[in-house]
Structure formats: structure tokens, C-alpha cells
Amino acid sequence: MDGITTYPFNIFGGGWEKVTPAVEQLPFKGDTVIDNDVWIGQNVTVMPGVKIGDGAIIGANATVTKDVEPYAIVGGNPARLIKKRFSDEMIELLLKLQWWNWNEQKIFNNLELLVSVNDITAVEKLLANEK
């Protein structure tokens with residue numbers, strides 16, 4: 001935006017709207033994408049063009065300015081990696097599992113696994129049974 005101010009005078013109406021910026025004058029950072037099974041805390045700001053990966057956790061009051069990897073826990077302003085939720089091997093398996101695409105009955109039948117502790121062997125068995 002090249003003007004002296006970026007104040008949105010056009011919101012007042014009554015003639016002020018004639019100064020509405022053209023779409024090509026507005027910065028475009030791309031689509032903001034929030035993947036599956038993401039938990040976002042209260043008062044989080046996600047900036048335009050950011051992608052939040054599957055299974056990520058965004059801590060309360062965070063300002064997310066960069067992409068968040070799958071199954072990462074981030075927080076702060078700007079948000080930074082606090083830790084990964086699981087090992088790299090487990091994250092790879094969970095991304096293949098994609099439980100969020102299952103039908104309701106399959107989710108119900110596997111609830112115990114889905115809410116249990118980090119059991120890589122059980123996830124491997126479940127993936128093997130799907131083939």
C-alpha cells in the first residue's frame with residue numbers, strides 16, 4: 001500500500017468509501033490453511049498465508065507468523081516451537097493413518113487407541129490391517 005496512511009476510511013460510508021483501495025493495492029500472502037486435528041488456544045492470531053499442519057497445538061495468546069509443522073506444539077509472540085508431540089517416526093505413521101478421514105464407526109471402534117498414550121506398535125498394526 002503506497003498511501004501515506006493505511007487507515008480504512010472507507011468503513012465510514014457516506015462518501016468515504018470512494019477511497020477504498022483496489023484489490024491489487026492490498027498485500028496478498030496466500031491462503032491461510034489449518035489442517036486436521038489442530039487445537040488452537042484462546043486469543044491466537046494466525047497471520048495470512050500461514051499453514052498449520054495436522055495435529056498441531058497452538059498455545060493461548062500465540063501469534064503465528066510462520067508455518068507450523070504437523071504435530072508440533074508452538075506458543076509465544078511470535079510463535080516458536082516448544083516441542084514435537086511425538087517422535088518423527090510416530091508423526092510419519094500418524095500422517096499416513098489420517099484417522100480424521102475414517103467413518104464414525106471406525107473412529108468409535110478405535111477410540112481407545114486414539115486417546116491412549118503414544119503407542120507406536122498399535123498404530124503400526126492398525127496401518128498394516130488397512131492394507
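Residues numbered from 1 in each chain as written. Predicted model: local features only at pLDDT ≥ 70, side-chain atom pairs only at ≥ 80, totals over all residues. Heavy atoms only, no water.

Packing of helix α1 (residues 88-97) against helix α4 (residues 120-130) brings their axes to within 10 Å, and their N-to-C directions diverge by 35°. The crossing of α1 and α4 is left-handed. Facing Glu-89, Met-90, Leu-93, Leu-94, Lys-96 and Leu-97 of α1, the residues of α4 in contact are Ile-120, Val-123, Glu-124, Leu-126, Leu-127 and Glu-130. Tallied by class, the residues present in the contact of α1 with α4 amount to eight nonpolar, no polar and four charged. (Axes fitted to C-alpha atoms, helices over the stretch in contact; angles between N-to-C directions. Helix = DSSP H or I, 4+ residues; strand = E, 2+ residues; numbered from the N terminus. Left-handed = near helix turned anticlockwise from the far one by under 90°. Contact = heavy atoms within 4.5 Å. Nonpolar A, V, L, I, M, F, W, Y, C, P; charged D, E, K, R; others polar.)

Under the domain assignment, the protein is made up of domain 1 (33-84) and domain 2 (88-129). Relative to domain 2, the C-alpha centre of domain 1 lies at a distance of 22 Å. Taken over both partners, the interface formed by domain 1 and domain 2 buries close to 630 Å², and the fraction arising from carbon and sulfur atoms is 67%. Summed over the shared surface of domain 1 and domain 2, the result is one salt bridge. Taking the shortest distance from any N to any O, the salt bridge between Lys-84 and Asp-88 comes out at 2.5 Å. Summed over the shared surface of domain 1 and domain 2, the number is one residue pair in polar contact (both at pLDDT 80 or more). By residue class, the composition of the side of domain 1 that touches domain 2 is two nonpolar, one polar and three charged. (Domains from an automatic or database assignment. Buried area = accessible area lost by both parts, 1.4 Å probe. Salt bridge = Lys/Arg side-chain N within 4 Å of Asp/Glu carboxyl O. Polar contact = N/O pair within 3.5 Å; in protein donor to acceptor, adjacent residues only side chain to side chain.)

Considering all chains together, one arrives at three salt bridges under this definition. For the salt bridge of Lys-51 with Asp-35, the shortest nitrogen-to-oxygen distance reads 3.5 Å. Placement of Lys-51 in strand β4 (residues 51-52) and of Asp-35 in the loop between β1 (33-34) and β2 (39-40) is noted, with a sequence separation of 16 residues between them. The class for Asp-35 is partly exposed, based on a relative accessible area of 24%. (Buried < 20%, exposed > 50% of the residue type's maximum accessible area, 1.4 Å probe, protein only.)

Inspection of the secondary structure assignment puts Thr-63 in strand β6 (residues 63-64). Among the polar contacts listed, one links the side chain of Thr-63 to the side chain of Asn-77, at a separation of 3.5 Å. Once residues lying within four places of it in the same chain are set aside, the contact partners of Thr-63 are Thr-45, Gly-76, Asn-77, Pro-78 and Ala-79.

Now for the packing of aromatic side chains. Think of a pair of aromatic rings as described by two things: how far the centres are apart, and how the planes are tilted against each other in angle. A complete count under the given rule lists six aromatic pairs for this structure. Three or more aromatic residues joined by ring pairs form one cluster here, namely Tyr-7, Phe-9, Phe-12 and Trp-16. (Phe/Tyr/Trp six-rings, centres within 6.5 Å; stacked < 30°, edge-to-face > 60°.)

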